[in-house]
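# Structural overview for review
Spelled out, the chains give:
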Amino acid sequence: ASDLSTIFMGAGATLSVLYKGVQSTMSIYDYLWDEHDMDQLLLLAIQIPVLQPNEVFQTYRAAIRQNSAHALLNAAFRVTLSGGVVTDATLVYGLAQDRAVFAAEAEAALKGKPLDVAALSNVLDALDSFELIVESHYKTVYQPEGKESYRRSLVQSFMYKFFLHLMGDKAP
């Protein structure tokens, strides 16, 4: 999965496609996860919604080196705020599984919650059970455990950074 698929999913982008002669719209998630006869699918356009004044969107990426490196993990987070309360949340992690995925339990833990330490604790707890596939190509003779503990820590680290960004000067 590319960094762009994670970003597009987090942003709520949709695709206009021509599939088997029929024009339709599909989400990035459906494009990535549903089975398609790719010989019959033509991408016509990508629609990326404009952020509303009460929405916040951030992306995160960690790699072994800065340039020309496969990401260890990436993320795209978008929330809608109203009076310091999260009214909607889209949390996407890329390279955690075969394709970019929503962190549904963490999204549910955030929705309807004020931006406070208790909400941060709840969302981080929800991410404890987030499924992360093992990347065997990072395992070596010198590092038999690979980079799994580091990748696992990135899941929560990205969320922690995003939450502090949301809290602004109210951050602890």
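Below is a short write-up of the structure. (Residues numbered from 1 in each chain as written. Predicted model: local features only at pLDDT ≥ 70, side-chain atom pairs only at ≥ 80, totals over all residues. Heavy atoms only, no water.)

## Regarding unusual backbone geometry
Excluding glycine, residues mostly have negative phi values, and the peptide bonds linking residues are mostly trans. Rules: Under the DSSP-based scheme used, a helix requires at least four consecutive residues in state H or I and a strand at least two consecutive residues in state E, with every element numbered from the N terminus. Buried means the residue's accessible area, taken with a 1.4 Å probe over protein chains only, is under 20% of the maximum for its type, while exposed means over 50%, and partly exposed covers the values in between.
The phi torsion at Lys 20 lies on the positive side, around 55°, for a residue other than glycine. Along the chain, the position of Lys 20 falls in the loop between β1 (14-19) and β2 (22-27). Looking at Lys 20, the relative accessible area reads 52%, which means it is exposed. One non-glycine residue, Leu 95, lies in the positive phi region at around 70°. Residue position: Leu 95 is located in the loop between β6 (85-94) and β7 (101-102). For Leu 95, a relative accessible area of 6% corresponds to the buried category.

## Concerning helix α1 (residues 3-11)
What counts here: Note on contacts: a residue pair is in contact if any heavy atoms of the two residues lie within 4.5 Å.
All buried positions along α1 are accounted for by Ser 5, Thr 6, Phe 8, Met 9, Gly 10 and Ala 11. Buried residues along α1 sit in contact with α2 (28-33), β3 (41-47), β4 (55-63), β5 (71-82), β6 and β7. Count one or two residues on from α1 and you reach Gly 12, which has phi positive near 80°.

## Describing helix α4 (residues 117-127)
Stated formally: Taking the helix axis as origin, the arc is that swept by the directions to the C-beta atoms.
Regarding α4, the residues found buried are Ala 119, Leu 120, Val 123, Leu 124, Ala 126 and Leu 127. Buried residues along α4 cover an arc of 155° about the axis, so they all sit on one side. Lining the buried residues of α4 we find β6, α3 (104-110) and α5 (148-167).

## A word on the environment of Phe 130
Within the secondary structure, Phe 130 sits in the loop between α4 and α5. Taking the C-alpha atoms as reference points, Phe 130 and Phe 102, 28 residues apart in sequence, are found 9.8 Å from one another. In this view, Phe 130 contacts Tyr 93, Ala 96, Val 101, Phe 102, Ala 103, Arg 152 and Val 155; residues no more than four positions away in its chain are not counted.

## Some words on the sheet that holds β2
Note on sheets: strands pair through backbone hydrogen bonds, and any given pair is parallel or antiparallel. Our working definition: Only strands that DSSP links by at least two bridges are regarded as paired with each other. Whenever a helix is involved, its axis is fitted only over the stretch in contact; in every case the axis is a line through C-alpha atoms, and angles between N-to-C directions fall within 0 to 180 degrees.
Here we have three strands laid out as an open sheet, ordered β2-β1-β3, and antiparallel in their pairing. Only two strands of the sheet have a single partner each, and these edge strands are β2 and β3. When strand polarity is set aside, the average angle formed by the axes of neighbouring strands in this sheet is 25°. Taken together, the six bridges between β1 and β2 define a ladder with antiparallel strand orientation. Within β2, the residue paired with Thr 14 across the bridge is Ser 27.

Any link to function would need more than the numbers given here.
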